[in-house]
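# Inside the fold
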Amino acid sequence: MNLVLRRVAAMLPALIGVVVCIFVLTRVLPGDPARTLAGDQADPSVVAKIRTDMGLDRPLHIQLVRYFSDLLHGNLGFAWHTGHSVASDFASRLPATVELALVALVIALLAGVPLGVISATRRDRPVDHAGRVFSLLGASMPLFWLGLMVIVVFYNKLGWAPAPLGRVAEGINPPTGITGLYLVDSLLTGDVVAFRSALSHIIWPALCLATGSTAIIARMTRSAMLEVIGQDYVRTAVSKGLKPSVVTLKHALRNAAPVIVTISGLQFGQLMGGAVITETVFTWPGIGSYVVQSVLATDYAPVQAFTLVAAVVYLAANLVVDLVNARLDPRIADA
């Protein structure tokens, strides 16, 4: 419990700093949200009235204090371009983003960890060179370009992928809402048709989103495994005649696990942020595309709320990583 309290206390200054930074940045960006909302031909008195209603006529420090007060009361603000509260917009869109990020993380772990282990155990062999080339390409490939190539090749040319529109095909009813995650809800309700449609729609954007994380996890796993394999206890295990699979999985991979857990947690935060581009390319109805629309409409509140949510997710992922690592290696708990 002490470890959790220490980590949470250390997170608070970072969270406050993020809130202040994003608040100031959104206020210095070009554009007038009141003018955007009223229209270019609106009378100046109408624009002034809207600016007063939005609280933009007050000094910056007063706006900041009011923003913190609203956050403490659970009020994320009002999205003028949708006409709904930001909290209600997030409640309807956040599950789509979380589901996309989780599926991408699972893909990255299932592909990246084995690839890193194989590269390390077969160092300087062809499979190791192929793995390092993949890691280099995957980490450097622009996400928007990769998404567009997937749509052009697998949807337009080959017809393997469904139309990049929404979470299920047109004409398919979404599963009954329980968690908001279509794959989970369709399994819980036994809706096979919705599950197949949801899986076919999420797999392609998730593969694109996972490419960079797969490369990074593979690279870090390889480095951690190479360091562990060179330790005396691993050589001792080999000299005892243990099977290579036992030495690799039980002795080497287990001791390299803290590094893999750390990079996986950090990557989940990156995946949530990367969803902004992926959702825009694949017309995915998550908070990423919602934030893009908010930026185009010069709507402050959704952008601030998204940054806050992303920061909370990132810090929460770090907290989980610390707890898991402390479980794997108790010495870390006292660090």
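Before any of the text, the structure's been laid out above.
The rules behind each value
Residues numbered from 1 in each chain as written. Predicted model: local features only at pLDDT ≥ 70, side-chain atom pairs only at ≥ 80, totals over all residues. Heavy atoms only, no water. Helix = DSSP H or I, 4+ residues; strand = E, 2+ residues; numbered from the N terminus. Buried < 20%, exposed > 50% of the residue type's maximum accessible area, 1.4 Å probe, protein only. Contact = heavy atoms within 4.5 Å. Areas by Shrake-Rupley, 256 points an atom, 1.4 Å probe, with all protein chains shown as cover. Lys, Arg positive; Asp, Glu negative; His and termini not counted. Charge placed at Lys NZ, Arg CZ, Asp CG, Glu CD. Expected span 1.5 Å × (residues − 1). Axes fitted to C-alpha atoms, helices over the stretch in contact; angles between N-to-C directions. Parallel < 35°, antiparallel > 145°, perpendicular 65-115°, else oblique. Left-handed = near helix turned anticlockwise from the far one by under 90°. Nonpolar A, V, L, I, M, F, W, Y, C, P; charged D, E, K, R; others polar. Core = buried A, V, L, I, M, F, W, Y, C linked by side-chain atoms within 4.5 Å. Salt bridge = Lys/Arg side-chain N within 4 Å of Asp/Glu carboxyl O.

## Here we look at the overall build of the chain
Per the secondary structure count, the chain includes 13 helices and 2 strands. The principal-axis extent of the C-alpha atoms belonging to the chain is close to 85 × 55 × 40 Å. Residues classed as buried in the chain amount to 40% of the 335 residues present. Across the chain, contacts joining residues at least 24 apart in sequence account for 72% of those joining residues at least 6 apart. When the accessible surface of the chain is split by element, carbon and sulfur atoms take 66% of a total near 18000 Å². When the 25 positive and 20 negative side-chain charges of the chain are each reduced to one mean point, those points stand 13 Å apart.

## What to know about the environment of Cys21
Locating Cys21 in the fold gives a position in helix α1 (residues 2-28). Taking the C-alpha atoms as reference points, Cys21 and Ala38, separated by 17 residues in sequence, lie 27 Å from one another.

## Describing α1
Its 27 residues give α1 an end-to-end C-alpha distance of 40 Å, which sits within 8% of 39 Å, the value for a rise of 1.5 Å per residue. Of the residues making up α1, those classed as buried are Leu3, Arg7, Met11, Val19, Ile22, Phe23 and Thr26. Summarising the contacts, the buried residues of α1 are in contact with α4 (60-72) and α13 (300-328).

## A look at the packing of α1 against α13
Two numbers describe how α1 lies on α13: the axes approach to 10 Å, and their chain directions differ by 160 degrees. Considered as vectors, α1 and α13 are oriented roughly antiparallel to each other. The interaxial crossing formed by α1 with α13 has right-handed handedness. Its residues placed into classes, the contact of α1 with α13 shows 19 nonpolar, 3 polar and 3 charged.

## Details of unusual backbone geometry
One non-glycine residue, Asp124, adopts positive backbone phi at about 65 degrees. The topology assignment puts Asp124 in the loop between α5 (86-121) and α6 (126-140). Within the chain, Thr283 stands out as a residue other than glycine whose phi angle is a positive 50 degrees. Of note, Thr283 is situated in the loop between α11 (244-282) and α12 (287-296).

## Examining the nonpolar core
Ranked by size, the top nonpolar core spans 47 residues in total, and within it Val86, Phe90 and Met225 carry the most contacts. Elements supplying a minimum of two residues to this core: α5, α8 (182-189), α9 (192-229), α10 (232-239), α11, α12 and α13. Core analysis: the next-biggest nonpolar cluster, separate from the first, contains 8 residues, Leu146, Val150, Ile151 and Trp204 among them.

## Observations concerning the pattern of salt bridges
This model, assessed by the stated rule, comprises 6 salt bridges. Residues Arg132 and Asp128 are paired through a salt bridge, measuring 3.8 Å at the closest nitrogen-oxygen approach. Taken together, the residues span about one helical turn, with Arg132 and Asp128 both in helix α6 at a distance of 4 residues. Residue Arg235 pairs with Asp232 through a salt bridge whose shortest N-O separation is 2.4 Å. Linking Arg235 with Asp232, this pair stays in helix α10, spanning 3 residues, or about one helical turn. Using a relative accessible area of 46% as the deciding quantity, one classes Arg235 as partly exposed. By relative accessible area, which is 52% here, Asp232 ends up exposed. Salt bridges sharing common partners tie together Asp124, Asp128, Arg132 and Arg222.

Any functional reading would require information beyond the geometric quantities listed.
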